[in-house]
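Below are the chains, spelled out letter by letter.
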Amino acid sequence: MAYDNNFRNNITEEIFDVTIKNTINWIKDNKDKFEWAKDPNAYEMTNLFLFASKYISEGKKIDISNVEELWNIRKDDFERCNISENNFVYNIVKDSYESAITGKALVEDSDSHNSLRMMAGIGLFIYQQKRDNNEIIYNNPQELLELLHCSKSLKQNHPDLFKKYAFQANIDRICEIQLNQEISSNIKEEIKKSKLELEIGKSNSIFSLDNYVLKSLLEDTSNITDFIISKEQSMEGEISSSPSSSYFYSLNTELAYSGFKKDNLNLGKDIKEICSKYGVDFEKLLLFSNLAKKYENNITSTKSDDLYEELQKIGIEYFNKKSKNTEGR
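Now for a look at the structure at hand. (Residues numbered from 1 in each chain as written. Predicted model: local features only at pLDDT ≥ 70, side-chain atom pairs only at ≥ 80, totals over all residues. Heavy atoms only, no water.)

1. Details of helix α6 (residues 141-157)
Cut-off, in case you're wondering: Secondary structure elements are defined from DSSP: runs of H or I of at least 4 residues count as helices, runs of E of at least 2 residues count as strands, and each element is numbered from the N terminus. Expected helix span is taken as 1.5 Å per residue step, with the number of steps being one fewer than the number of residues. The buried label applies to any residue whose accessible area, calculated with a 1.4 Å probe on protein chains only, is under 20% of its type's maximum; exposed applies above 50%, and partly exposed to all values in between. We call two residues contacting when some pair of their heavy atoms lies within 4.5 Å.
Taking 1.5 Å per residue as the helical rise, α6 with its 17 residues ought to reach 24 Å, and the 25 Å between its terminal C-alpha atoms agrees with that figure. Those residues of α6 that fall on the buried side of the exposure criterion are P141, L144, L145, L147, L148, C150, S151, S153 and L154. Residues of α6 that are buried sit in contact with α5 (110-133), α7 (159-164), α8 (167-179) and α9 (185-200).

What follows is the structure, given as structure tokens:
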């Protein structure tokens, strides 16, 4: 485990004391002038503290008084963002600070370092969004992909920290917010793939990628099936089995059955055959899944009616083709 020489936002030993002192002076100069300057910068603080702990653990000279001053001048500002001392953001920054004070490096590689500063920064941003707008707006897919990538190192090299800061749960939430934004289907699939690779702890396994595809499809078809059921329950009269409910329920069931087969070495082939059989359009499936989640709390709206009709068309088209194929035999 080592630091990359080209590590972004790298602070060398030679300029560390000047850099942290400049940060402290900026806070003193601006904290009372601007409302936004009253909030801490969790990314910057974590970055500085982790570099301090790295250099001190290596026996290099660092003015520890600057580290202490930065922490003391900012530690109470997290409350402004509704971040308590039990919050993961606060704990990442605090543990990074304490690692510098004790001279024991918290992490030993640049990716793990990056994952901590990014999680602290994104986490703080989310809490600021909640405070300022009473909602969360996160739309930075490239940043998220970087977090997913470097978090793999933290999970592998420092599983205790990965667990302590609830990385998986926090990443799941950030991904959920991002995937509800209007971004390209390719980026969405890349995020889902990276997220699953982090969950299963493998990045180069073909079987892992097959599981990613299966998991994604199961999630999408489940969302759509749940929407159809809720929609039909809200309609007058009983609908036991519409074309769309039969289609998506059958598709979901066959996919699930393939995944439940123990050590299914033919999983990728099975998924392709099932998708071919049902004529799956991946982009449409992802779109309909996102819309289904969007309208699930407003099931009687005009937009939910339109979605329901689109899903019916898919089911009708599938069963019509199936019927024609049967007749032709």
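What follows picks up the thread again.
2. A closer look at a nonpolar patch on the surface
Selection rule: Here the term patch refers to residues with relative accessible area over 30% and no salt bridge, with like charges joined within 9 Å and nonpolar side chains (Val, Leu, Ile, Met, Phe, Trp, Tyr) within 5 Å. Accessibility throughout is a Shrake-Rupley quantity obtained with a 1.4 Å probe, and a residue counts as covered only by protein chains that appear here. By convention in these notes, a salt bridge is any Lys or Arg side-chain nitrogen within 4 Å of a carboxyl oxygen on Asp or Glu.
On the surface, W26, F34 and W36 cluster together into a nonpolar patch covering about 350 Å² of accessible area. For F34, the position within the fold is in the loop between α1 (13-30) and α2 (42-57). The exposure class of F34 is partly exposed, given its relative accessible area of 35%.

3. A few points about the side chain of S115
Inspection of the secondary structure puts S115 in helix α5. The residues contacting S115, other than those within four sequence positions of it, are L147, C150, S151, L154 and F167.

4. Considerations on the environment of I224
Relative to the helices and strands, I224 resides in helix α10 (residues 206-234). According to the relative accessible area criterion, I224 is buried, its value standing at 0%. Here the alpha-carbon distance between I224 and F248, two residues 24 residues apart in the chain, equals 7.3 Å. With residues near it in sequence (within four places) discarded, I224 still touches F248, L285, F288, S289, A292 and L311.

5. Some details on the nonpolar core
One broad trend across soluble globular proteins is that nonpolar side chains are buried collectively. For the record, the criterion: The criterion is simple. A nonpolar core is a set of buried Ala, Val, Leu, Ile, Met, Phe, Trp, Tyr and Cys residues joined through side-chain atoms within 4.5 Å.
With 61 residues, the main nonpolar core has F16, L70, L116, L147, F167 and I191 as its most contacted residues. Setting aside chain neighbours within four positions, we find I191 in contact with P141, L144, L145, L148, C175, Q178, L179 and I183. Listed in part, the 24 residues of the second largest apolar core include I228, L255, L267 and C275.

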